[in-house]
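Structural overview
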Amino acid sequence: MKKPVSRLLSVTLLTGALVTGGGPAIASADPAPATAAASVGSLDVEIGDEHVVTGELAPCDVDGPLSATTKGGATGDFARFGGGESRCGRNGAVAVAEAAGRRFETTLLKRFGGPVIKVRTFMAKCSTTKDGSLGYIEFGDVSGFTLPENIPQNYRLTIAGGKGGTALASLTVNETVTPTPPDGSLVTHMLHIKLFPQGGGPAKGDIYLGTARCDPYGKKKP
C-alpha cells in the first residue's frame, strides 16, 4: 500500500547495481582518468511566452571547479530553490561527485489544478570504480506526491488532472540514465519533474533536483 510521504528523514538509496561497460574501444597505455560532475539542480520550463532556463546550479567537476555553492532563489514564479552546494574530486583512479540542496518548492502545477511539490532536503552522488559507476540519492521531508515504502530505481509516478485524462506531470524519483549499449557511465537524478509528458499541454519542460554524472573511462574523444 502506498502512503503519503511528508516526514521522511534521510532516506538513502543506491540507484541500482554497478553499471558496467566494455571500456574504451581502443586500449591505451595512458587511459583518460575517470570523470565526475554534479549540480544542485536545473530548470528549463516554458509556459506561453514565458521561458525560464537556469542552467546547472552550483556545478562542480573533477577537472574544476572542485566545489560550488548557490544561495538559491526564485526562478520566475515557476519554482524556488533553497541553498545548495556541490563537491567533486579524485582519489587515485576513483572519481566522486556529490551535490546537495534544500527547501525546493514549485507551485507551477497549482495553476493547472495540481499540487504544490516540496522537497526539504536532497542529495545525489556518484562514484567510479575500475569496473563502472555507482549512484546514490538521499532525500527527506517531501510533500505533494506519494511514494511507496521501498523506492526502486527509476520509480515513476504521474500527477493527473490534465484535459482528456492527460497527466500534468511525471515525476521520476531515483532516476538513473545510462547509454545503450552500456559503457560504465551513468547519470543520477534524485528527482526529475517533466511537465505534460504526453505533449500538447499549456506547459513543457523539465526540472531536476540533485544531479551527478560519472564515467570511469574519462571523457570520450572524437
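Right above here is the structure, for reference.
All of these numbers come straight from a predicted model, not from anything done at the bench.

Time to look at the pairing of strand S18 (residues 203-215). For S18, the buried fraction is high: 10 of the 13 residues fall into the buried class. One ladder, built from 12 bridges, connects strand S4 (residues 35-47) with S18; its direction is antiparallel. From the neighbouring strand, Ala38 faces S18, where its bridge partner is Ala212. As defined by bridge partners, strand S17 (residues 186-195) adjoins S18 across nine bridges and the pair is classed as antiparallel. Residue pairing in the sheet places Ile193 in a bridge with Ile207 of S18.

This brings us to unusual backbone geometry. Going from Gly64 to Pro65, the amide bond is cis rather than trans, its omega being -5°. Along the chain, Pro65 falls in the loop between strand S6 (60-61) and strand S7 (67-70). Phi is positive for Ala58, close to 50°, though the residue is something other than glycine. Along the chain, the position of Ala58 falls in the loop between strand S5 (50-53) and S6. Unlike most non-glycine residues, Asp141 shows phi in positive territory, near 55°. Note on placement: Asp141 falls in strand S13 (residues 132-143).

We now examine the packing of aromatic side chains. Applying the stated criterion across every chain yields a total of two aromatic pairs. Relative to Phe196, the ring of Phe112 has its centre 5.3 Å away and its plane inclined at 85°; by these criteria the two rings are edge-to-face. Separated by 84 residues along the polypeptide, Phe112 in the loop between strand S11 (94-106) and strand S12 (117-128) and Phe196 in the loop between S17 and S18 bring together distant segments of the chain. Looking at Phe112, the relative accessible area reads 23%, which means it is partly exposed. Exposure remark for Phe196: the relative accessible area of 9% places this residue in the buried category.

Bridge count for S11 against S12 is 10 bridges, and the pairing is antiparallel. Across the sheet, Glu105 pairs through a bridge with Lys118, a residue of S12. In this sheet, S13 lies alongside S12 in antiparallel orientation, the contact comprising 10 bridges. Across the sheet, Val119 pairs through a bridge with Val142, a residue of S13. The antiparallel pairing of S12 with S13 creates a hairpin that spans three residues between the two strands.

Moving on, we get to the environment of Asp215. Looking at the secondary structure, you find Asp215 in strand S18. On the basis of relative accessible area, Asp215 is assigned to the buried category, the value being 9%. Put simply, Asp215 and Pro33 are 182 residues apart on the chain and 9.0 Å apart in space, counted from C-alpha to C-alpha. Among the polar contacts made by the side chain of Asp215, one reaches the main-chain amide nitrogen of Tyr217 at a distance of 2.9 Å.

Reading guide: rules and limits
- Residues numbered from 1 in each chain as written.
- Predicted model: local features only at pLDDT ≥ 70, side-chain atom pairs only at ≥ 80, totals over all residues.
- Heavy atoms only, no water.
- Buried < 20%, exposed > 50% of the residue type's maximum accessible area, 1.4 Å probe, protein only.
- Helix = DSSP H or I, 4+ residues; strand = E, 2+ residues; numbered from the N terminus.
- Pairing = 2+ DSSP bridges.
- Phe/Tyr/Trp six-rings, centres within 6.5 Å; stacked < 30°, edge-to-face > 60°.
- Polar contact = N/O pair within 3.5 Å; in protein donor to acceptor, adjacent residues only side chain to side chain.

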